[in-house]
Amino acid sequence: VSSLAIYLAEDRVCLQMGDPENPQLSKDGDIILGGIFSFHRSWINRRDTYMHKPLPLQCIRGFQYAQAMLFAIDEINNSSDLLPGITLGCKIYDSCGSIARGVRASLALINSQETTFKLSDKCTKPAQVQAIMGESSSSPNMAAATVIGPFHIPLISHFATCACLSDKNKYPSFLRTIPSDHYQSRALAQLVKYFGWTWVGAVRSNDDYGNNGMATVIETAEELGICVEYSVAVFRTDPMIKILQIIDIIKSSTSKVIVTFLSPGDLNVLLQEFSQHNLTGYQWVGSEGWIFDSHTAAMDVHHILDGAVGLSIPKAHVTGMKEYILDVKQLNSSSKELFREFWEALFDCKFENSASTTTENQRECSGHEDLAGVKNTFTDMSLMPIFYNIYKEVYAVAHALHDILSCNNTCNKTILHHIKRIRFKTKEGDEVYFNENGDPPAKYEIINWQPTENGNVEFVPVGLYDASLPADRQLTLTNRTLVWAQNSEQVPVSVCSEKCPPGTRKVLQKGKPVCCYDCLRCADGEISNSTDSISCVRCHSEFWSNERRDACIKKKEEFLSYEEMMGALLTAASLLGTCLTAVVMFIFFRYRRTPIVRANNSELSFLLLFSLTLCFLCSLTFIGRPSGWSCMLRHTAFGITFVLCISCVLGKTMVVLMAFRATLPGSNVMKWFGPAQQRLSVLGFTLIQVFICLLWLTISPPFPFKNIKDFKDRIILECALGSAVGFWAVLGYIGLLAIMLIFCAVWVTFIPAYVSSPGKFSVAVEIFAILSSGFGLLICIFIPKCYIILLKPERNTKRNLMGKEAPTH
C-alpha cells in the first residue's frame, strides 16, 4: 500500500513503493475534504501471474455521488454564514467497489503523495484531508475505517448501513448519514408480521451488509413468532452451480414470501435465473439496498419483483441539486479524461482518437450533445435521498470546522470531537446530528412497487417507520391501495399452518418449526377465545364450555322440580296419598262409634292417620329448588312424623299382642298397657327421634349444596347432609322401629338405591320410599277396614269381630 516505505541507508530518504494514487476529481481550497465513490462497477479480469501490475478498471458509475459532494462544497463556499473567508476543496477517488482500492484511496487521502521524502519526516506526513466522505457499501467502509481510525480522521458514509459499523471500539472515527441496519432489520421483521406472514424465506448478500442485516432480521422475526423456512446467501461472483442450488431451494419451498437483504448487483444475478426458470408469484420484501433502485427496476423486464414492499430512505428535495448534477459539462474542467469516459458512456458515442474500442454503428462524440433527451441511470433522480445524505455529510464537516475556527485556543481542535457534537438544520429544514454510535435518527418510508400502464414500475410510498416513536406506533401504513405479487389486490398468504380458530389450541408438529402446528379441539370444560391460542383455559367450576369451545356458559342447574314429569308424578302421588288419608280419616270419624273403629283403638288410629298425612306432605319438601329451610325440614320433619307413624303402629301391635295374652287364665297384662301407657309409648318413641333431630340441627344441620363433582356439564342442587352421622342416625332409628313391621323391606332396599342413584334421582328414591311406606301403612291397615265399613256393613258388628257369627254364603 502507499504508506509502506523502505529505508535507504545511503541517502537517508524514504521511497514510496508502488505507483502513487491520483484522484479522479479534485478541487482546490483552503481545507481539503476527501471523497471515495464507485465511479465504476466492474473491471477486466485476468488471471494474475504476479509478473505484471493489475489491469486498470474499466466501467462507469457513481458520478451522481461526486456531483452531490461538489454541489455542497460550492454552496458552502458561496455562503457568508458558514466558514466565511475559507474555501473548501476536495480530492475524490474511484474505488470501483473494490475493498483493496478503497483502502488504497483512504491511505492516499491521509498521506502525502510525494514519491520520496526525508527520513526526518518519519515516513509520515500530516493528514492531507480533514474528513473523508466514504464509500457506499459496508464492507469497503469497514476496511477503510479500520485503517484510518487510529488517525482520528472522520470517515462519513452516505449508504453503508451495516449495524456492525456502530461499534466504536472497532471503528472509532466512522459516522454515517443513513440509519443503521439495526433499525431496518427490525423494521423489516415488523413489516412481515404486520401483513400476517409467519412462514418466509430469506435471501441475503454474502457480505457484511447482508449477513449482519439478515441475522438481525431472523432474530427479530423469531421473537415475533415468524419462522424462516430457509436462509441462503448469494454473491454476484458466485459460480452458476451455487446460484442454481439457491433456485432449487426456493422452488422446493412452501413459503410464498421472500425477505431479502441484498445489494442491487447480487439481486440482479438472481433475477436472471428467476426469469429463466419462470419463477413468479413470490412476494418480495426488500431492504433499502435495492427497493428504490431504478436500475434494478429497469432490469426486471419479466416483472418478477412487481408488488414488492420494503423500506427506503424518505424522499428528499434539495433546491438546485438536480440541476447541478445534470450539468456534467463542468467535469471537463476538472478531469478531461474522466469527462470523456463518462460522456462516451452517457451518450453511447466515441471521441476521436478514443482509447476505447469503437463498435460498429457507434457515432462520434462532439462534446456538445444535449442531455435533455437522455433517459438513463444517470438522469434518474430516484436516488435523491442518497444524494441528500452526501449533502448532509459535507455540511456536517463544515459545521464542525466552523466550530473549531470559532472556539478559543483552549478548546479541543480535533474535528472528530466536534463533528460528533454538531446539531444543525439544513436549508430544507431537516435536523442533522449523530448519536453516540455515530448514527442518525432512523426513519424509513415503506415502498410498494406498482406497475404502470406503460410497463414501468412506480415506487409508491404506502407507510412510514419511525424508530423514535413508541414501539406500538413505529410502523404506520396509509390508506393507499397496495399492489401485491402478480398484480393482485389481496394480501398474499404465507403460513406453514393455517390459524387455529377459537375453540382449538396449537400443538407443534414434531421436528418442525414453531410455525408448523396442528389445531386440536379443546377438551370438555375448556375453551380458547382467541385465534392461535397455545392452550385452552378451563372454565370456572360453575361454568361449562359451549359446543364451539370458544366461550364458557353457566352450567344448567338440575334439581327435582315440579315442572318435570318425574317431579309432577311424585307430587301427584303425594297429594293422592294425602287425600286418601283424609278420606279414611273422614270415614273413621263418620263411623267412629262402630265396632270395627272402636276395636282398632280409635285414638291411635286417628293419630296414625294424622301422622300419615304429614308423611305424605313431607315428601313435597323434597321437590323444588333446595333452600336452607327446606333442607333442614325435609329430613327432620319426615324423620319425626314417620317415627310417629311407626310408634302408633307399634302401639296398636302391642295392644293386639297384649289382648291375646289377656285371654290366658290369670293374665292381667292389659292393666299394664292401657290407653295411658299407649300414649306414653308413642310419645317416648317420638321424643327420641326429636332429640336426635335437634342434636343434628344444632351440631351440623343440612344445607343447600351445589354438587359439581358427579356431573361435569351440570350442577346438581341438593341438600348436603351436614352431619352424615345425624342423617344415618335418623334413618337407623326408623329402621330399628320398623324392623318388626313388614314395610321394613322398603327401607332395606332404600339404602343401596339411595347411595347409588345420581343427582336428583337420589331425591326421587327417597320420596318413593316415603310414599311407599305411607301407602303401605294406609293400604294394609285402613283400606280393609274401610271396605268392611262401606261395603260390608253387616260384618261391622261386635259378634262378627269376636268370631261368634257363622259366615254367610
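A few points on the structure.

Conventions adopted
- Residues numbered from 1 in each chain as written.
- Predicted model: local features only at pLDDT ≥ 70, side-chain atom pairs only at ≥ 80, totals over all residues.
- Heavy atoms only, no water.
- Patch = residues over 30% accessible without salt bridge, like charges linked within 9 Å, V, L, I, M, F, W, Y side chains within 5 Å.
- Areas by Shrake-Rupley, 256 points an atom, 1.4 Å probe, with all protein chains shown as cover.
- Salt bridge = Lys/Arg side-chain N within 4 Å of Asp/Glu carboxyl O.
- Lys, Arg positive; Asp, Glu negative; His and termini not counted.
- Charge placed at Lys NZ, Arg CZ, Asp CG, Glu CD.
- Helix = DSSP H or I, 4+ residues; strand = E, 2+ residues; numbered from the N terminus.
- Disulfide = S-S within 2.5 Å.
- Buried < 20%, exposed > 50% of the residue type's maximum accessible area, 1.4 Å probe, protein only.
- Core = buried A, V, L, I, M, F, W, Y, C linked by side-chain atoms within 4.5 Å.
- Domains from an automatic or database assignment.
- Axes fitted to C-alpha atoms, helices over the stretch in contact; angles between N-to-C directions.
- Left-handed = near helix turned anticlockwise from the far one by under 90°.
- Contact = heavy atoms within 4.5 Å.
- Nonpolar A, V, L, I, M, F, W, Y, C, P; charged D, E, K, R; others polar.

Quick look at a positive patch on the surface now. On the surface, Arg590, Arg592, Arg593 and Arg598 cluster together into a positively charged patch. Mapped onto the fold, Arg592 is located in the loop between α14 (565–590) and α15 (595–599).

Moving on, we get to the state of the cysteines. This structure, assessed with the given rule, holds nine disulfides. The residue that forms a disulfide with Cys522 is Cys536, at a sulfur-sulfur distance of 2.0 Å. Its S-S torsion of approximately -80° makes the covalent link between Cys522 and Cys536 left-handed. One end of the pair, Cys522, is in the loop between β21 (517–521) and β22 (526–527); the other, Cys536, is in the loop between β22 and β23 (537–538), and 14 residues separate them in sequence. The two residues Cys522 and Cys536 agree in class, both being buried. Two residues, Cys631 and Cys719, share a disulfide whose sulfurs are 1.9 Å apart. Between Cys631 and Cys719, the disulfide has an S-S torsion of -80° and is therefore left-handed. A residue pair is termed long-range when its members are at least 10 positions apart, and Cys631 in helix α17 (residues 628–662) and Cys719 in strand β28 (residues 714–720) qualify at 88 residues. Owing to a relative accessible area of 0%, Cys631 belongs among the buried residues under this scheme. For Cys719, a relative accessible area of 11% corresponds to the buried category. We note that Cys645 lacks a disulfide partner, and the nearest cysteine sulfur, in Cys615, lies 3.6 Å from it.

Attention now goes to the nonpolar core. With 125 residues, the main nonpolar core has Met69 and Trp284 as its most contacted residues. At 14 residues, helix α12 (residues 384–406) tops the list of elements feeding residues into this core. Residue assignment places this core across two domains, with domain 1 (14–43 + 55–178 + 384–433) and domain 2 (181–312 + 442–477) each supplying three or more. Of all hydrophobic cores here, the second largest spans 50 residues; its members include Phe588, Leu650, Leu771 and Ile789.

This next bit is on the packing of helix α2 (residues 99–110) against helix α3 (residues 138–148). At their nearest, the axes of α2 and α3 sit 9 Å apart, and the two run at 35° to each other. The hand of the α2/α3 crossing is right-handed. Here Ile99, Val103, Ser106, Leu107 and Ile110 of α2 come into contact with α3, specifically with Ser139, Pro140, Ala143, Ala144, Val147 and Ile148. Its residues assigned to classes, the contact of α2 with α3 shows nine nonpolar, two polar and no charged.

Structural measurements only, silent on function.
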